[in-house]
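Fold and contact review
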There are 4 protein chains.
Amino acid sequence: MQNPHNYASMEGFVRVAVLGASGFTGGELIRLLHGHPGLEVGYLGGAGSVGQTLAEAHPHLAQLPEAGEPIQAMEPTAIAASAELVFSALPNGSSAGLLPAIVEGGARAIDLAGDFRLPAEDYPIWYGFEHPAPSVLDLAVYGLPELFGKEIADAQLVANPGCYATATILGCAPILAAGLAEPGPIRVDGKTGMSGAGRVATETTSFASTEDAIRPYRFPAHQHTPEMERGIARATGHEVPVLFVPHLVPAVRGVVTTCYLSLASGTTTESLTDCLVDAYLDRPFVRVVAAGAMVDAKRTRGSNVLELQAVADPRTRTAVVIGAIDNLVKGAAGQAIQNANLMLGLPEATGLPLAGVWP
Amino acid sequence: MQNPHNYASMEGFVRVAVLGASGFTGGELIRLLHGHPGLEVGYLGGAGSVGQTLAEAHPHLAQLPEAGEPIQAMEPTAIAASAELVFSALPNGSSAGLLPAIVEGGARAIDLAGDFRLPAEDYPIWYGFEHPAPSVLDLAVYGLPELFGKEIADAQLVANPGCYATATILGCAPILAAGLAEPGPIRVDGKTGMSGAGRVATETTSFASTEDAIRPYRFPAHQHTPEMERGIARATGHEVPVLFVPHLVPAVRGVVTTCYLSLASGTTTESLTDCLVDAYLDRPFVRVVAAGAMVDAKRTRGSNVLELQAVADPRTRTAVVIGAIDNLVKGAAGQAIQNANLMLGLPEATGLPLAGVWP
Amino acid sequence: MQNPHNYASMEGFVRVAVLGASGFTGGELIRLLHGHPGLEVGYLGGAGSVGQTLAEAHPHLAQLPEAGEPIQAMEPTAIAASAELVFSALPNGSSAGLLPAIVEGGARAIDLAGDFRLPAEDYPIWYGFEHPAPSVLDLAVYGLPELFGKEIADAQLVANPGCYATATILGCAPILAAGLAEPGPIRVDGKTGMSGAGRVATETTSFASTEDAIRPYRFPAHQHTPEMERGIARATGHEVPVLFVPHLVPAVRGVVTTCYLSLASGTTTESLTDCLVDAYLDRPFVRVVAAGAMVDAKRTRGSNVLELQAVADPRTRTAVVIGAIDNLVKGAAGQAIQNANLMLGLPEATGLPLAGVWP
Amino acid sequence: MQNPHNYASMEGFVRVAVLGASGFTGGELIRLLHGHPGLEVGYLGGAGSVGQTLAEAHPHLAQLPEAGEPIQAMEPTAIAASAELVFSALPNGSSAGLLPAIVEGGARAIDLAGDFRLPAEDYPIWYGFEHPAPSVLDLAVYGLPELFGKEIADAQLVANPGCYATATILGCAPILAAGLAEPGPIRVDGKTGMSGAGRVATETTSFASTEDAIRPYRFPAHQHTPEMERGIARATGHEVPVLFVPHLVPAVRGVVTTCYLSLASGTTTESLTDCLVDAYLDRPFVRVVAAGAMVDAKRTRGSNVLELQAVADPRTRTAVVIGAIDNLVKGAAGQAIQNANLMLGLPEATGLPLAGVWP
């Protein structure tokens, strides 16, 4: 499959599809696309929400011009006919069966689930299913724009990274690549708001049972673990095992990853900070925070910004590397649009918020 | 003072000043102005924050191009030289002394505090100070764009309404004007998130003492009371007394006003709803929610949207009129920009978010 | 059915049953009963949770001695055999069919749902079902201990009041009874935390969709409306129509009712306050807060306390009467135990927390 | 100073003093003491709050019999005369100067600050002050009842542990002592609610700036670091360096510590779990949660319970040990009363809540 697309001298809007339109990430994609000067929504696809209008599925979008558009059943031919670029915000396990037909029909696609992030053999282990389209899987490019921008530009299928993996890989990769930490096991302690659990209601995600909750969950088997290992290996050449322990905290948006690496001899807080600053110089969304200053996920809310910080602790021979993002933006919908910008030859920040909604 | 301005055929950006830049409302103005295609920030003014950069005062804005700009002491001549339009987001009592000199120097201004909303004789009663510039006060136009757009367009000084008053007046005025409710006393029960209390820390606004708090406060003496009465009188010709009982609830943004009016004979829920629909037909930010459907302040977060709903209860001869907004946007910074758009001859929605940041 | 019970000179513990043990209110009953010197849990009943142990249903109770007790299917004969007093914390509509057999079997019972609070003819209108046991319904005493203590002491079946109704009736009744407000329509604006919605998960009660939410709901048809009218009529002799507009706010526990009554001529804030002070002199759980001081539902969390406040607003001829409670304690489980104390001849505060868990 | 006290055959109440009565921890001590069958408050001491009554300082305690008691200036002789046992809930740095005189006057004392937890030479480094009373400091026993109960029973001065240190040491010590983890560096990732920051208001602890915040802070210099090292050394004989990275999350109460230790060869999740179960068999407040089941700080709210969990991850050679408590109870006031019980010869759980206030 050749990539015939060249939007660098684009006229007018590129029409896109949003699959999984009624979920949290789908809604966020539509909110962000509304502010994008080069993309317009041409197709809304869903499963359980078919027949609802956008305004019914997302009353917070009811004032948008497209509020009356219906959410449609997801028919690959119709999707490919309506859109040059497809964003799939379906749950894990749903896009693996759907996107191959769309991609083979000629559209380009960005999958926001985990269905194209790992090698085929890892799916039974970490996701519990056999991947149905290993050959399409092989085409997928891992969409971390700050690290793999060139491959993304030419990709027909992009696997948009997980929220935790985004913050972890972007924080740790430059430091490992520079040899400032030893390529040994990394312990990643994650904290996330509740929106990462998706829109479906369960007793443990209700407000009453979540206010004041602080809960480790699904460790050490969280499916972002191999994604972190693979992303770090790709970016640095080092195969390091990752232990990932995520925690739910009573926020809605926001992910913070606190990574514990083995400090290389001679590494200082200053050399860690300099390394991150150099790695992301001129990248619009990455902000390196000096050691001692405050990092806070809250500041990134609604924006595509990543805050990074690194500190050396020689007493325990540890490099602490911290990343903070809005899981629905830099950890999902915003990063997907950043990838789309690269795929279309646009500046990567086109149409994406640089300012958080604070307080 | 004649108004010499005519931006209808504007070329390039209009330079604006933001006074009170380090507060919550100041920060929100800067966030929204960043996305505005016709306005650019030319001056940041403050008091206690003088000398800080924008990024220091507001780390959530640190990725904006203007992040390195300093917050300056507020000198009227310098402000008027740097900006054609001045947004003042200073606390109540601070702009009354400052804006007159700026306005007399030829700039146009929008005051987001309460300093130009009432007649001079009301200030000692409701705000506890003698107004220092009654003649300038007489020039001020009350800036509710949906009701007073024509006067706003020509105004040199606009008094941007209070958050509670915005939701209350926009909800009640059409219904009173149409005779669907009797012009008797209105009881307004308000609920607000904590950002309305401003950025200054007090023990009662700390997270620990506010989670799970539900607290009536400052009633019946809240200063939005006469503003509601005056706004309703101006829009409807009816002088009705208002009782306003505000409550703090553990949210950050969001204001809901639940207004209890005396139902006129023959009024039904349908006639109330139709009245609101007709009043705000084609107004981009007002959404009338049918009786029985959900109104929720959360949906408006980060957007300039107002949700309205009305229900007749013949059993108790009551018309219930509900309004919901983001207090920092439609209740402050967003409405100020909406006013600026009108003052500059731009479409009123220019540069303002229609979509809430949800969840 | 005669009441043979006389526990005034009680030796040892009275065995009680808790039906609906796995819900929020059931859990709170068990927590409070654990600290009670005269009651012990002899039976845990449930529906969907049958077979779970108490610790499985409520991990926060896992350190209690009874943590290993199973939740049992609710068989009236077995319940009556295991317990002298039955607390039913089943959902609305479930106890009406179950408690009659238990009561007829000789046990005394307290129903925490709405199934025994209204006259039979009101059930189709407000609850949507035909009451299955009108003759038992006629025996039920409305369990507001501060107003109807004498009848409660002798009752075999007590209808424990709703949370909103508790705060409203206890606040308004003395003022109406004293003639300080006119017996005309009362508008009750309620605010509640999310625990009132119960433990079952729905999309609208998830943390992600509830943080920062402020939402009016189910008005003017909320089923506490006729309960308020009936309770006020019983306590004061005045038949006044009530309009009740409840609102969800992002708290877990806490109910505040803000009631707007027609001020009688000559009534002052002082006379209102004095009236409440006199009405509840020496009652352990009622705290009258002076006008101008803060009322806050948060303070009552975990305790059986009710805060009351009243203010006269002659400008609008309104008496504002405010009540604040923990909906799961004074609004449910705590009040039920207070009723049990009266039924058993114990001091009404026995075993009930006077101190809130704050912050 | 000999310890003349012997309360084992206590008649009546032991009178205690609470210093720092107006703070969060002071209020929690008073709440818990109210439910204690053997202790009664004989003295309330404060600094800025002197002259307030208890009800003024803590309206949530306004229904307690002692609500009218005044908070008094802290005069050592008066305190020693009024109380046999002194709880000091003063801020770090305040009790070091006050308690020595009280202890030398014959009273026994429990300090809830950090002033008696470290060797004298560590104070300049970790707390920034020179310890004023090194000889009294030498007398202090570190008050972790589950590990050092015997010394506590005889102590005249107990240093009540920090919240983070409590969860960390109780989780890690048995595992290190059993050789299931290597005695190498431990990385402790802490999460805490906002009540740990105390009652004093700052901009960063306001509700508006804290909702949705997830923030690492004060690392690697947090003063609980040496306390953890020292506590582990005392309990296990192993001097292991600790890296402690605490994070603020938007909860009020609750601390979770996630500790990363080097897994010893052959250690399994099962052996870790068994080790913890064995270590705390029959201890009323420690609950070991099986791997895979949920740990949640919310469940412990208001109670003196500690939840522990441990998991082996052979892939990264890591033992993950998790602890969860209510920082104001097991992490402060509750543990202090547990220590008092031991000092007075009472069962350690006397008067302490086993059930959390949930939801």
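In case you missed it, the structure is sitting above this.
Residues numbered from 1 in each chain as written. Chains lettered and ligands numbered in written order. Predicted model: local features only at pLDDT ≥ 70, side-chain atom pairs only at ≥ 80, totals over all residues. Heavy atoms only, no water.

With that settled, the discussion passes to the pairing of strand β14 (residues 318–325) of chain A. Residue and element names in this part refer to chain A. Among the eight residues of β14, eight are classified as buried, and the element is accordingly described as predominantly covered. Across eight bridges, the pairing between strand β11 (residues 255–263) and β14 is antiparallel. By the bridge assignment for β14, cysteine 259 is matched with valine 321. The turn joining strand β13 (residues 306–313) and β14, which pair antiparallel and follow one another in sequence, is formed by four residues; a positive phi near 50° is taken by arginine 317. (Buried < 20%, exposed > 50% of the residue type's maximum accessible area, 1.4 Å probe, protein only. Helix = DSSP H or I, 4+ residues; strand = E, 2+ residues; numbered from the N terminus. Pairing = 2+ DSSP bridges.)

For the pair chain B and chain D, the superposition axis carries a translation of 0.0 Å, the fit reaches an RMSD of 0.0 Å, and the rotation angle comes to 180°. Such values leave the two copies arranged in the relation of a two-fold axis. (Least-squares fit on C-alpha atoms with pLDDT ≥ 70 in both.)

Turning next to the sheet that holds strand β1 (residues 14–19) of chain B. Residues and elements named next belong to chain B. Strand order across the open sheet formed by seven strands is β3-β2-β1-β4-β5-β7-β6, with parallel pairing between neighbours. Two strands close off the open sheet at either side, each with one partner strand: β3 (72–73) and β6 (141–142). Across two bridges, the pairing between strand β2 (residues 39–46) and β3 is parallel. Of the residues in β3, the one forming a bridge with glycine 45 is glutamine 72.

A separate point is the interface of chain D and chain A. Taken together, the 52 residues of chain D in the interface contact 52 residues of chain A. Both faces considered, chain D and chain A share a buried interface measuring about 4,300 Å² in area, 60% of it formed by carbon and sulfur atoms. Where chain D packs against chain A, one counts 10 salt bridges. Of the charged contacts, one joins Glu229(D) and Arg315(A) as a salt bridge, the two residues approaching to 2.4 Å between their closest N and O atoms. For the pair chain D and chain A, the number of links is 34 residue pairs in polar contact (both at pLDDT 80 or more). For the side of chain D that touches chain A, the elements supplying multiple residues, two or more each, are β8 (181–192), α9 (207–210), β9 (215–216), α10 (224–236), β10 (242–248), β11 (255–263), β13 (306–313) and β14 (318–325) of chain D. For the side of chain D that touches chain A, the element with the highest residue contribution is β8(D), accounting for six residues. Looking at the side of chain D that touches chain A, its residues break down into 26 nonpolar, 12 polar and 14 charged. (Contact = heavy atoms within 4.5 Å. Buried area = accessible area lost by both parts, 1.4 Å probe. Salt bridge = Lys/Arg side-chain N within 4 Å of Asp/Glu carboxyl O. Polar contact = N/O pair within 3.5 Å; in protein donor to acceptor, adjacent residues only side chain to side chain. Nonpolar A, V, L, I, M, F, W, Y, C, P; charged D, E, K, R; others polar.)

We now examine the interface of chain B and chain D. On the side of chain D, 17 residues touch chain B, which itself brings 17 residues to the contact. Carbon and sulfur atoms supply 67% of the area that chain B and chain D bury against each other, a total of about 1,500 Å² over both sides. At the boundary of chain B and chain D, one finds two salt bridges. We note a salt bridge from Glu203(B) to Arg199(D), for which the minimum N-O separation is 2.7 Å. Counting across the chain B and chain D interface gives four residue pairs in polar contact (both at pLDDT 80 or more). The leading source of residues in the side of chain B that touches chain D is helix α9 (residues 207–210) of chain B, at three residues. When its residues are assigned to classes, the side of chain B that touches chain D shows eight nonpolar, five polar and four charged.

What follows is about the pairing of β14(D). All names here are of chain D. Taking every second residue as pointing to the same face, both faces of β14 are buried, with Thr318, Val320, Ile322 and Ala324 on one and Ala319, Val321, Gly323 and Ile325 on the other. When β13 meets β14, the two strands line up antiparallel, connected through seven bridges. Counted as the bridge partner of glutamine 309 is isoleucine 322 from β14.

A few words now on the sheet that holds strand β7 (residues 157–159) of chain C. Residue and element names in this part refer to chain C. Ordered by their spatial adjacency, seven strands build an open sheet running β3-β2-β1-β4-β5-β7-β6, and the pairing between neighbours is parallel. Each edge of the open sheet is held by one strand with a lone partner, namely β3 (72–73) and β6 (141–142). Inspection of the sheet shows strand β4 (residues 85–88) paired to strand β5 (residues 108–111) by four bridges, in the parallel sense. For leucine 85, the partnering residue across the bridge sits in β5 and is arginine 108.

The two copies are related by a screw operation: chain D maps onto chain A through 180° of rotation and 0.0 Å of translation along the axis, at an RMSD of 0.0 Å. Mapped onto chain A, 100% of the interface residues of chain D again fall at the interface, so both copies present the same surface.

All names here are of chain D. Take lysine 330: it is sitting in helix α12 (residues 329–343). According to the relative accessible area criterion, lysine 330 is buried, its value standing at 0%. Reaching out from lysine 330, the side chain makes a polar contact with the side chain of glutamine 335 at a distance of 2.7 Å. Those residues within four positions of lysine 330 in sequence are excluded, and the remaining contacts are Pro145, Glu146, Thr166, Leu170, Ser303, Asn304, Val305, Ile325, Gln335 and Gln338.

So, about the environment of Ile337(D). All names here are of chain D. Along the chain, the position of isoleucine 337 falls in helix α12. Between the C-alpha atoms of isoleucine 337 and isoleucine 232, which are 105 residues apart in sequence, the distance is 22 Å. The contact partners of isoleucine 337, leaving out residues within four places of it in the chain, are Leu29, Leu32, Leu33, His36, Phe87, Thr350 and Leu352.

Before going further, it helps to spend a moment on helix α12 (residues 329–343) of chain B. Residues and elements named next belong to chain B. Taking 1.5 Å per residue as the helical rise, α12 with its 15 residues ought to reach 21 Å, whereas the 18 Å between its terminal C-alpha atoms falls clearly short. At glutamine 335, α12 is deflected by roughly 45°, the largest bend along its length. Buried residues dominate α12, accounting for 15 of its 15 residues. (Expected span 1.5 Å × (residues − 1). Bend = angle between axes of the 7 residues up to and from the residue.)

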